[in-house]
Amino acid sequence: PQGLRDTWRVVFSDGTSAECDDEHLWLVKTSCGWHRGDRPHVKTTRELRNDLTKKNGYSKWYIPVAAAAELECGEERPLDPYLLGLLLGDGSFRANLRFTSADEQIVEAVSETLPPDCHLKRDPSRPYDYLIRRRFRTNQYDPHPVASALKRLGLRGALSRDKHVPRAYLIAPSKVRHAVLQGLLDTDGTLDAKRGSNVTFLSASKQLATDVQWLVGSLGGGARLRPVKKAGKVYFLVSLRLPNEYP
């Protein structure tokens, strides 16, 4: 028995944290070694605590990011994962299912990934709104495929601030998680043209922003989440970076 031991909370640059004692071993690299491709070092928590920053105050040690994990929960996925990401970004899940976008390529992507008997119908009163309709309806009791799928996923009727990525699409193979993330970024993501690697995601839903942060981390990337004010309302901004194999 080792008795009571001090526990430390190690906080990473993306805001995530882990609790450990002084003897926990970490695989680390220096900032210079990171770019040179040097072999990593093994350090205890105590060693890192006593040598945490460089003279200029910047972090000295970096933890290599884990590679993308292959996950599976065995739950049903009734919607195409890319379509789900697009709908979570720019879809309305209330009485009339609709999708809003001025980007014709995105509208076409929604059309191509809808269930076979569904289609988009432009709303004549709103130039960028498209209603998600059925092509044929055999009887009044025949459920709308997308509405039925959203209900099973716990999203039907959700407001913007209540949106989230269902568990079936979080605990899922990497290609599914990447497709959901692509849909979310294609709708609510922004790429800084001056800084090509600076990608951000903005949402009224803290849970959806948290899910995006989790998706990025599960694919071997890094993401930071912070609240921001826009037009007097609080939104949640995720700044993210993905590995090269997940453009």
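Every residue gets a number counted from 1 within its own chain, in the order that chain's sequence is written. Local features in a predicted model are, by the rule used here, given only for residues with pLDDT of at least 70; side-chain atom pairs are given and counted only at 80 or more, and totals for whole chains, interfaces and linings are based on all residues. Hydrogens are left out, water is left out, and the side-chain values use all remaining heavy atoms of the structure.

Q: Is there a simple way to explain the pairing of strand β13 (residues 233-241) in this structure?
A: Residues in a regular strand project their side chains so that they alternate between the two faces of the sheet. Note: strand β11 (residues 199-203) against β13, five bridges, orientation antiparallel. Each bridged residue has a counterpart across the sheet, and for Phe-201 the counterpart in β13 is Val-238. Two strands form a pair only when DSSP identifies at least two bridges running between them. In this text, helices come from DSSP runs of H or I with a minimum length of four residues, and strands from runs of E with a minimum of two, each type numbered from the N-terminal end. As paired strands, strand β12 (residues 222-230) and β13 are joined by nine bridges and run antiparallel to one another. Bridge pairing in β13 links Gly-222 to Arg-241. Joining the antiparallel neighbours β12 and β13 is a turn of two residues, in which Ala-231 adopts a positive phi near 55°.

Q: Could you clarify how one ought to interpret the nonpolar core in this entry?
A: Generally speaking, a soluble globular protein has its nonpolar side chains buried in company with each other. Counting 50 residues, the largest nonpolar core has Leu-79, Val-165, Tyr-169, Leu-184 and Leu-240 as its most contacted members. Only heavy atoms enter the contact rule, under which two residues are in contact if any of them lie within 4.5 Å. Apart from residues no more than four positions distant in its own chain, Leu-184 is found in contact with Gly-85, Leu-86, Leu-88, Gly-89, Val-165, Gly-189, Phe-201, Leu-208, Val-212 and Leu-215. Judged by nonpolar contacts, the second largest core, of five residues, contains Cys-20, Trp-26, Val-28 and Leu-48. Nine residue types can take part in a nonpolar core, namely buried Ala, Val, Leu, Ile, Met, Phe, Trp, Tyr and Cys, and a core is a set of them joined through side-chain atoms within 4.5 Å. Note on exposure labels: buried denotes an accessible area under 20% of the residue type's maximum, exposed denotes more than 50%, and partly exposed covers the range between, all computed with a 1.4 Å probe on protein chains only.

Q: What exactly am I supposed to notice about the sheet that holds strand β5 (residues 61-62) here?
A: Remark on secondary structure: sheet strands pair via backbone hydrogen bonds, oriented parallel or antiparallel. The strand order β4-β3-β5 describes an open sheet built from three strands, whose pairing is antiparallel. In the strand order of this sheet, the two ends are held by β4 (41-44) and β5, each with one partner. Summarising the sheet, strand β3 (residues 25-30) and β5 pair through two bridges and their orientation is antiparallel. When the bridges of β5 are listed, Lys-29 appears paired with Tyr-62.

Q: Which parts of the structure should I look at to understand unusual backbone geometry?
A: Most peptide bonds take the trans form, and the phi angle of most residues other than glycine is negative. The phi dihedral of Ala-231 falls on the positive side, at around 55°, and the residue is not glycine. Here Ala-231 shows up in the loop between β12 and β13. Ala-231 gets classed as exposed once you look at its relative accessible area, which sits at 78%.

Q: Can you help me understand the sheet that holds β11 in this one?
A: In space, the four strands of this open sheet follow the order β10-β11-β13-β12, with antiparallel pairing throughout. Each of the sheet's edge strands pairs with one partner strand only, and the pair in question is β10 (189-191) and β12. Recorded for the sheet is a direction-independent mean angle of 25° between the axes of neighbouring strands. Strands in contact with helix α7 (residues 174-188) are β10, β11 and β13; relative to β11, the strand with the most contacts, it is inclined by about 80°. The axes used here are C-alpha line fits, helices contributing only the stretch in contact, and every angle between their N-to-C directions lies in the interval 0 to 180 degrees.

Without other data, these values stay purely geometric and don't point to any function.
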